[in-house]
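For reference, the chains in residue letters:
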Amino acid sequence: MRIIPAIDIINGKCVRLSKGDFASSKIYNESPVEVAKQFEDAGIKYLHLVDLDGAKAGKIINQSVLEKISKATKLQIDFGGGIQSNNDIKTAFESGARQVCIGSVAVKNPGLFEEWINIYGSKKMILSADAINNKIATNGWLHTSELDVIDFISDYNRKGVQYVMCTDISKDGMLLGPSLDLYRTILEQTKIKLIASGGIASIQDVEAVTVLGCEGVVIGKAIYENKISLKELSAYA
């Protein structure tokens, strides 16, 4: 299973939110590159990098952070936040992303997302299925749709999507454990490679999503609040 630490960016700095609330932003480090190097030094191979400014603006803002981390480390980066145009996705890949996370476009412009799958290949695409009360949210979680999360994932799975990163927004940044029941249902009803995201609070939570059959797990605040050590995670890396 992929161990994927998260770095969320606002104004070029490493931050974390609670339940996606921008007003709850807490700065953990002024240098995302320094944080990424710490992950790499611990033997971790992957990174989930989120441009929160971009997610809010509807276009990539912090591509320079992506460029710097990709040049300073060998981490395999999946990048999301603000990818809403052909230029955005081209910029993300040219700046060093190995995979991109697509949420808002998959909801609002499915034809464009399917075009990207055909152009870049499904292995480079991660569908971001971010939900609150089982309804898909977009634009940095500022807007909630009427799309059911299971139906949303199932539909794109039939269209060739292989990877899905699912976040229960009510759990994100709260350190209350992941949405195991939701993930179990997704794995039972689809054939996707599921990346669990949100709520991871302990190494036991990492073990739980591993046993469930998730392909990867994103870990954010638990690392920054010293609930899980990089040494513990390195055993899975």
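The model shown is predicted, which means the values in this text are computed figures rather than measured ones.

A. The arrangement of the layout of surface pockets in detail. Roughly 180 Å³ of internal volume is contained in the largest pocket. If you trace the largest pocket, you find it lined by Tyr 28, Asn 29, Val 35, Gln 38, Phe 39, Ile 223, Tyr 224, Asn 226, Ile 228, Ser 229 and Leu 230. When residues of the lining of the largest pocket are traced back to their parent elements, those giving at least two are strand S3 (21–29), helix H1 (32–41) and helix H10 (221–224). In terms of residue count, H1 provides more of the lining of the largest pocket than any other element does, three residues in total. Considering only residue class, the lining of the largest pocket consists of seven nonpolar, four polar and no charged.

B. Summary view of the pairing of strand S1 (residues 2–10). Across the nine residues that make up S1, a large majority, nine, are buried. Residues of S1 alternate between two faces, with Arg 2, Ile 4, Ala 6, Asp 8 and Ile 10 on one and Ile 3, Pro 5, Ile 7 and Ile 9 on the opposite face, all of them buried. Here four bridges tie S1 to strand S12 (residues 216–219), and the two strands are oriented parallel to one another. Residue Pro 5 lies in a different strand from S12, and its bridge partner there is Ile 219. With four bridges joining them, S1 and strand S4 (residues 46–51) adopt parallel strand pairing. Its bridge partner lying in S4, Asp 8 is registered against Val 50. For S1 and strand S2 (residues 13–18), the ladder comprises three bridges, and the chain directions are antiparallel. Paired with Ile 9 across the two strands is Cys 14, which belongs to S2. Taking the residues between adjacent antiparallel strands as the criterion, S1 and S2 are bridged by two residues, where Asn 11 takes a positive phi near 55°.

Conventions and cut-offs
Residues numbered from 1 in each chain as written. Predicted model: local features only at pLDDT ≥ 70, side-chain atom pairs only at ≥ 80, totals over all residues. Heavy atoms only, no water. 1 Å grid on protein atoms, 1.4 Å probe; cavity = no way out; pocket = protein on both sides within 12 Å on 5 of 7 lines; lining within 4 Å. Points joined across faces, edges and corners; volume = space filled by probe spheres on them. Helix = DSSP H or I, 4+ residues; strand = E, 2+ residues; numbered from the N terminus. Nonpolar A, V, L, I, M, F, W, Y, C, P; charged D, E, K, R; others polar. Buried < 20%, exposed > 50% of the residue type's maximum accessible area, 1.4 Å probe, protein only. Pairing = 2+ DSSP bridges.

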